[in-house]
Amino acid sequence: MFEYFTQGRMAVNGTEIAYRIAGQGEPLLLLHGHPQTQAIWHKVAPYLTSQFTVVLADLRGYGDSGKPEPDAEHLNYSKREMAQDQSELMAALGFSQFSVVAHDRGARVAHRLALDHPQAVKKMVLMDIAPTLSMYRQTSETFARAYWHWFFLIRPAPLPEALIKADADLYLRSVMGSRSAGMQPFTEEAYADYLRCLQLDGTARGICEDYRASAGIDLQHDEADVNAGRKVKCPLLVLWGEQGTVGKCFAPLAEWEKVAEDVQGEALPCGHYIAEEQPELLLEKVLPFLR
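Residues numbered from 1 in each chain as written. Predicted model: local features only at pLDDT ≥ 70, side-chain atom pairs only at ≥ 80, totals over all residues. Heavy atoms only, no water.

Per an unreviewed UniProt entry, the recorded name for the protein is Alpha/beta hydrolase, and the organism is Rahnella ecdela.

**Q** Would you mind going over the overall build of the protein in detail, with residue names and values included?
**A** When its secondary structure is counted, the protein shows 15 helices and 8 strands. A compact globule built from 291 residues would reach a C-alpha radius of gyration of about 19 Å, and the protein, at 17 Å, matches this within 12%. Overall, the C-alpha framework of the protein stretches about 45 × 40 × 40 Å when taken along its three principal axes. Taken over 291 residues, the protein has a buried fraction of 59%. Within the protein, counting contacts between residues at least 6 apart in sequence, those at least 24 apart form 76% of the total. Surface summary for the protein: the accessible area is close to 11500 Å², and the carbon and sulfur share equals 49%. Across the protein, 28 positive and 38 negative side-chain charges occur, with their mean positions spaced 3 Å apart. (Helix = DSSP H or I, 4+ residues; strand = E, 2+ residues; numbered from the N terminus. Rg over C-alpha atoms; globule rule 2.2 N^0.38 Å. Buried < 20%, exposed > 50% of the residue type's maximum accessible area, 1.4 Å probe, protein only. Contact = heavy atoms within 4.5 Å. Areas by Shrake-Rupley, 256 points an atom, 1.4 Å probe, with all protein chains shown as cover. Lys, Arg positive; Asp, Glu negative; His and termini not counted. Charge placed at Lys NZ, Arg CZ, Asp CG, Glu CD.)

**Q** Give a description of the pattern of salt bridges that names residues and reports values.
**A** Within this structure, the stated rule accounts for 22 salt bridges. We note a salt bridge from Glu 261 to Lys 233, for which the minimum N-O separation is 3.1 Å. Highlighted residues: Glu 261 in the loop between helix H13 (252–259) and strand S8 (263–268) and Lys 233 in the loop between helix H11 (217–228) and strand S7 (236–241), separated in sequence by 28 residues. Each member of the pair Glu 261 and Lys 233 is classed as exposed. Glu 266 is the salt-bridge partner of Lys 285, the closest N and O atoms lying 3.3 Å from each other. Taken together, the residues Lys 285 in helix H15 (residues 279–290) and Glu 266 in strand S8 connect sequence positions 19 residues apart. (Salt bridge = Lys/Arg side-chain N within 4 Å of Asp/Glu carboxyl O.)

**Q** Can you break down the sheet that holds strand S1 (residues 6–12) residue by residue, with the values?
**A** Strand order across the open sheet formed by 8 strands is S1-S2-S4-S3-S5-S6-S7-S8, with mixed pairing between neighbours. Looking at strand neighbours, the two that pair on one side only are S1 and S8, the edges of this open sheet. Adjacent strand axes in the sheet meet at a mean angle of 20 degrees when their direction is disregarded. Relative to S7, strand S6 (residues 121–127) is paired through 4 bridges, and the arrangement is parallel. Looking across to S7, one finds that Leu 126 is bridged to Val 238. (Pairing = 2+ DSSP bridges. Axes fitted to C-alpha atoms, helices over the stretch in contact; angles between N-to-C directions.)

**Q** Lay out the UniProt feature "domain: AB hydrolase-1" (unreviewed entry) in the protein in plain terms, naming residues and giving numbers.
**A** Here the UniProt-annotated "domain: AB hydrolase-1" (unreviewed entry) positions come out as residues 27–160. End C-alpha atoms of residues 27–160 are separated by 37 Å, and the span's content is 37% helix alongside 18% strand. (UniProt positions renumbered as here; feature names shortened; annotations may be inferred.)

**Q** A description of the nonpolar core should follow, citing residues and the corresponding values.
**A** Within the largest apolar cluster, 98 residues are counted, with the highest numbers of intra-cluster contacts made by Trp 41, Val 100 and Met 124. Element by element, the count of residues in this core is highest for H15, at 7 residues. With near-sequence residues (within four places) excluded, Val 100 lies in contact with Leu 28, Leu 29, Leu 31, Ala 110, Leu 113, Val 121, Lys 123, Met 124 and Val 125. (Core = buried A, V, L, I, M, F, W, Y, C linked by side-chain atoms within 4.5 Å.)

Shown next as structure tokens:
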């Protein structure tokens with residue numbers, strides 16, 4: 001994977017962010033979700049490099065990026081801190097403004113990035129999420145059963161961390177394989193990267209802290225924005241899988257229209273892992289928007 005990309009690690013915001021970079025043209029940052037790494041983009045990133053300078057980054061706590069120690073309020077894994085990481089990474093690479101394509105947890109980081117650093121984000125594509133605040137406020141039995149990990153991972157340490165570390169492969173297959181497409185979308189090479197990184201020291205803790213932050217400090221930040229009338233200002237494209245939970249339990253486009261000024265979007269014929277289930281269709285939808 002990523003044979004033509006240059007790998008690096010950048011010290012930013014008190015941690016290190018692992019990244020790959022390749023291509024030419026305007027900068028484009030790609031952010032992955034849980035429980036994965038930048039490897040999710042291996043089916044689409046090579047096709048983007050002819051038109052964009054593509055940066056793939058691992059979120060803090062995930063992949064080969066740094067895994068800061070937790071704190072009592074989970075501030076170190078707030079989406080505000082995770083967005084600051086990516087803003088500083090892109091600035092260090094020489095990009096004061098860039099577009100973002102993001103999936104799942106990375107899309108939550110991108111949402112915060114667009115709010116906290118509006119001058120930096122030119123356009124944004126968010127995949128298979130509704131706003132975090134909306135999803136917690138509208139949690140139903142159907143959603144809770146499908147997204148059980150949202151509620152498992154926020155349990156106090158060390159229980160979820162210990163269970164993940166006890167059998168990382170079982171955890172990955174339980175989360176990823178339980179979606180509509182099963183394990184079929186994931187190549188052996190990509191899955192090996194997800195498993196390797198989940199087994200790294202600190203990853204289980206980082207993942208849990210990410211979710212603990214989203215159930216606490218992130219909601220406070222989101223509520224403050226709603227109360228102040230702050231919205232995403234850049235053009236926003238939202239895509240979700242019509243076979244996935246988000247589209248069945250929420251109204252993604254309507255929810256994003258509440259918190260962003262310029263929104264378009266649609267469901268795609270797939271499940272949650274759009275970049276690995278429908279890479280060609282994703283490119284078909286994303287490229288005209290970014291251009």
